[in-house]
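Close look at the chain arrangement
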Amino acid sequence: MLEEIYAHVLRRNPGEREFHQAVREVLESLPVVLERRPELCDGSLLDRLCEPERQVIFRVPWTDDAGRVHVNRGFRVEFNSALGPYKGGLRFHPTVNLDIVKFLAFEQTFKNALTGMPIGGGKGGSDFDPKGRSDAEVMRFCQSFMTELQRHIGEHTDVPAGDTGVGAREIGYLFGQYRRITNRFEAGVLTGKGVGWGGSHARPEATGYGLVVFTAEMLRARDLELDGMRVVVSGSGNVAIHAAEKAAASGATVVACSDSGGCVVDEDGLDLDLLKQVKLKDRARLSAYAEQRGGAAEYREGGRVWDVACDVALPCATQNELDEDAAKTLVGNGVRVVAEGANMPTTPDAVRALRAADVLFAPGKAANAGGVATSALEMQQNASRTLWTFEKTEDRLTEIMKHIHHTCHDTAERYGRPGDYVAGANIAGFELVGESMQAQGVI
Ligand code: NDP
Ligand code: 2IT
């Protein structure tokens, strides 16, 4: 039956390879559930689970600084609202298309369920490329994007946040336009806001910090600890930098990171203040980090962090960035853990190679859920018109990540797949969403 459902997904969504990949990975975990809980695996429920509730595609015209008009495409896929309002980020990157947004929204549905918070799954974005654009151009783009998106969102309906290419600056422009059009200060309509105007402490740090909490829990389950380990992260954006920061604070040495141009290897450990200045403030290339670090760091044009020997690898850039060849190189160099900060960064062949070598592997829908969980904490603060301290928010995040680890670990054991965090995350997420869908009837 699962094969039939997958074949149906292929027919209805032709050419959408990332979406197919994400669906297949979940369905592959379900045969054991099918045996034990046939009531959850009836065809209608699974067909509905693989079909977004709503998909919106819209035109986004905007004018650049030279007065030229550009036309981009905007997307919002509202995948599943059985557990709460659609929740998930917005991605601005030239590679964004319906396939990418759909796979991300599908993954988000299970991830959000695992947090234990009342949030459904959605995702959006645009093929707009913010690289090299002035603040004024980014603002005009965001205003045009929100002029259409505002029809579809709301604090009880759909609550976007950031993702690749969308950070505090973009959320500010988007929120400003929403407030202006609706004439309402509806704080809970977006998350990732500035702390002065409805944002939560620790939201920028949450995905990377949560990833490291999850990684430390996996190691603890094998009587190992992060202290003293060598770590590599791919990417050098929001998730990568905060993962590196938390890993370093836990006693690890983070020896490499990357961007779309290449990687830096810094054997003494990355200088995180410099990295934040170069990548988050100056929005410059990683080569500038190596230049400013003097002789301490080596920049490898087009290089991969996977070639740098490490105990822990944290892919934090983009989908399908860690392939089978990279996995085998990591295994050859003695890697013990791979935990996904990005969404679906490891190819299915690479996951198989890692698991065959008994490397601990954490799928993104569990390991990177700290970001969206803290977004849900931001919604909670907005609803009660309060602002928690950084410490309180981080403590809640840590608790949630430990809870997700426990859920995945425990579920994998219960279903006879000990140590298989992919099965644990998919099955636990599926049970939570499936039970709620079933209770709410055929909709
Ligand atoms: P950012 O835009 O802050 O950073 C992205 C980083 O990845 C940059 O270093 C960028 O390089 C690199 N990168 C992006 N796309 C590519 C590509 N196609 N090829 C090579 N390198 C690339 O994004 P985030 O850190 O927010 O997001 C990174 C990943 O984490 C994404 O998969 C996202 O979905 C996921 N994620 C994000 C969450 C969040 O809260 N922000 C939450 C959970 C998951 P360059 O600077 O050269 O563009
Ligand atoms: O992939 C993700 O979980 C995110 N980009 C965060 C989404 C959110 O709503 O905070």
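What this report covers is the structure whose coordinates are included nearby. (Residues numbered from 1 in each chain as written. Chains lettered and ligands numbered in written order. Predicted model: local features only at pLDDT ≥ 70, side-chain atom pairs only at ≥ 80, totals over all residues. Heavy atoms only, no water.)

Quick word on the site of ligand 1
Surveying the vicinity of ligand 1 reveals 26 residues, the closest of which are D163, T207, S260, R285 and N343. Take V239: an N or O atom from its main chain is 2.9 Å from an oxygen atom of ligand 1. Note that an oxygen atom of ligand 1 is positioned 3.0 Å from one of the side-chain N or O atoms of K279. Within the complex, the protein chains bury 84% of what would otherwise be the 890 Å² of accessible surface of ligand 1. Elements supplying a minimum of two residues to the shell around ligand 1: α8 (203-221), α9 (238-249) and β7 (253-259). (Near = heavy atom within 4 Å. Polar contact = N/O pair within 3.5 Å; in protein donor to acceptor, adjacent residues only side chain to side chain. Areas by Shrake-Rupley, 256 points an atom, 1.4 Å probe, with all protein chains shown as cover. Helix = DSSP H or I, 4+ residues; strand = E, 2+ residues; numbered from the N terminus.)

Notes on the pattern of salt bridges
Close approach of charged atoms lets side chains of opposite charge pair. Applying the stated criterion across every chain, the model contains 37 salt bridges. The residue R169 makes a salt bridge to D135 at a minimum N-O spacing of 2.7 Å. With R169 in helix α7 (residues 168-182) and D135 in helix α6 (residues 135-149), this pair connects stretches of sequence that are 34 residues apart. Residue class for R169 comes out buried when judged on its relative accessible area of 16%. Look at D135 and you get partly exposed, because its relative accessible area is 44%. (Salt bridge = Lys/Arg side-chain N within 4 Å of Asp/Glu carboxyl O. Buried < 20%, exposed > 50% of the residue type's maximum accessible area, 1.4 Å probe, protein only.)

With respect to the packing of aromatic side chains
Evaluation of the coordinates by the stated rule reveals 15 aromatic pairs. A centroid spacing of 6.2 Å and a plane angle of 90 degrees characterise the contact between W62 and F141, whose relative ring orientation is edge-to-face. With W62 in strand β1 (residues 54-63) and F141 in helix α6, this residue pair connects regions lying 79 residues apart in the sequence. Relative to F110, the ring of F106 has its centre 5.0 Å away and its plane inclined at 70 degrees; by these criteria the two rings are edge-to-face. Here F110 and F106 lie together in helix α5 (residues 98-114), a separation of 4 residues that amounts to about one turn. Grouped by ring-pair contacts, the aromatic residues F58, W62, F92, F128, F141 and F145 constitute a single cluster. Cation over ring: K246 sits above Y209, and NZ or CZ is 5.4 Å from the ring centre. Here K392 stacks its cationic end above the ring of W388, 4.6 Å away from the centre of that ring. (Phe/Tyr/Trp six-rings, centres within 6.5 Å; stacked < 30°, edge-to-face > 60°. Lys NZ or Arg CZ within 6 Å of the ring centre and 35° of its normal.)

Describing the environment of R68
Structurally, the position occupied by R68 is in the loop between β1 and β2 (69-80). Among residues more than four places away in sequence, those in contact with R68 are W62 and T63. (Contact = heavy atoms within 4.5 Å.)

Some remarks on the sheet that holds β2
Spatially, the 5 strands line up as an open sheet ordered β1-β2-β4-β3-β5, and their pairing is mixed. Two strands close off the open sheet at either side, each with one partner strand: β1 and β5 (158-162). Direction aside, neighbouring strands of the sheet carry axes that sit 20 degrees apart on average. Strand direction decides the pairing type here: β2 and strand β4 (residues 120-126), joined by 6 bridges, are antiparallel. Residue pairing across strands places F75 opposite G125, the latter belonging to β4. (Pairing = 2+ DSSP bridges. Axes fitted to C-alpha atoms, helices over the stretch in contact; angles between N-to-C directions.)

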